[in-house]
Amino acid sequence: MPTEFFEPSADGPTAEAYGELYVAFEHFNRAMFDAQLPPCLITLQRRKGTYGYFSKGRFVRRGTGDMVDEIALNPAYFASQTIKNTLSTLVHEQVHQWQRHFGSFSRRGYHNKEWADKMESIGLIPSDTGKPGGRKTGQQMDHYIEPGGVFDLACDSLLTREFTLSWLDRFPAERLPVGPTPVATAAPPASPDALTTEPAITSTAYLGLGRAESVLALPSGDPVNRSNRVKYRCATCLAQVWGKPNLKLRCGVSMCRNAPFEECDATVQCP
């Protein structure tokens, strides 16, 4: 019995949600990066405790070997932030993409002066506290939007063209503030939380997680690695070892052909 195929809908919710994000990616690429950034694959990932992350060359095209970067956003927080704050996460990850292709990349998770200068030049001010006066470089960083800055104005120009993020999670990842301006939804959430346009999240930190090079994560009570050891994993056979930071290791198993070991975050299970 022959398999029946269907043409994908050009106006379905999947095309709409991802299409809006890529419209924003291209808008900011032209407005702030001189259209230098290569195409990427934008994904929606519910990685616990994170707003999003960037990973260089994470996807490969079957048959050709062409690789593209990944920028992931967590839709569980779309409802608890303004659209502008959500888009600032996208642009933050675009800065990491810019640095990986055109700048000098530091060790994973560290935010160096080049990164900070680029962020500041586009109106996303780096700060370890998320407020004015904080440190601008370091292992865990936040940012805030400069009023009237490049990002602020570029985002305003996008939003005036009837752009929006149409789809919101009905069950947000955290309790939202009750405010006077509810976001319209097709049906009310089954929880007592009211969706509002006011951001509930006031602090973020960028941490390495798995193979992602930049992760926008929420502060939490999760354990942190306070030792001076790092977990490494063979990219082929997935064997894991512990060692000092910044080691260059290769697997001795014959089938692995000296495959490199990759650093994993010590506080999470390696995939």
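Residues numbered from 1 in each chain as written. Predicted model: local features only at pLDDT ≥ 70, side-chain atom pairs only at ≥ 80, totals over all residues. Heavy atoms only, no water.

As a further point, take the overall build of the protein chain. Looking only at helices and strands, the protein chain has 4 helices and 10 strands in total. The long-range share in the protein chain, meaning contacts at least 24 apart out of those at least 6 apart in sequence, stands at 59%. Here the protein chain has roughly 15,200 Å² of accessible surface; of this, 54% comes from carbon and sulfur atoms. (Helix = DSSP H or I, 4+ residues; strand = E, 2+ residues; numbered from the N terminus. Contact = heavy atoms within 4.5 Å. Areas by Shrake-Rupley, 256 points an atom, 1.4 Å probe, with all protein chains shown as cover.)

Inspection of the entire model under this criterion finds 6 salt bridges. Residue glutamate 120 pairs with lysine 136 through a salt bridge whose shortest N-O separation is 2.7 Å. Of this pair, glutamate 120 sits in helix α3 (residues 113-121) while lysine 136 sits in the loop between β4 (124-127) and β5 (142-145); the two residues are 16 residues apart in sequence, bridging distant segments of the chain. Note on glutamate 120: relative accessible area 31%, which makes it partly exposed. Judged by its relative accessible area of 36%, lysine 136 falls in the partly exposed class. Aspartate 128 is paired through a salt bridge with arginine 135; the nearest N and O atoms lie 3.2 Å apart. (Salt bridge = Lys/Arg side-chain N within 4 Å of Asp/Glu carboxyl O. Buried < 20%, exposed > 50% of the residue type's maximum accessible area, 1.4 Å probe, protein only.)

The geometry of an aromatic ring pair is captured by two quantities: the separation of the ring centres and the angle between the planes. Counting across every chain of the model gives 3 aromatic pairs. Look at tyrosine 51 and tyrosine 77: their rings are 4.9 Å apart centre to centre, the planes differ by 70°, and that puts the pair in the edge-to-face class. Placement of tyrosine 51 in strand β2 (residues 50-60) and of tyrosine 77 in the loop between β3 (67-73) and α2 (83-102) is noted, with a sequence separation of 26 residues between them. For the pair shown, tyrosine 51 and tyrosine 77 are each scored as buried. Stacked on the ring of tryptophan 98, the Lys or Arg lysine 118 has its end atom at 4.6 Å from the ring centre. (Phe/Tyr/Trp six-rings, centres within 6.5 Å; stacked < 30°, edge-to-face > 60°. Lys NZ or Arg CZ within 6 Å of the ring centre and 35° of its normal.)

In the predicted model, the protein chain carries a mean pLDDT of 77, and the fraction of residues at 70 or more is 72%. Across residues 176-210 the pLDDT falls below 50, and counting only partners more than four positions away or on other chains, this stretch makes 89 contacts in the model. Here residues 219-226 scores under 50 on pLDDT; set against residues more than four positions off or in separate chains, the count is 6 contacts. (pLDDT = per-residue confidence, 0-100.)

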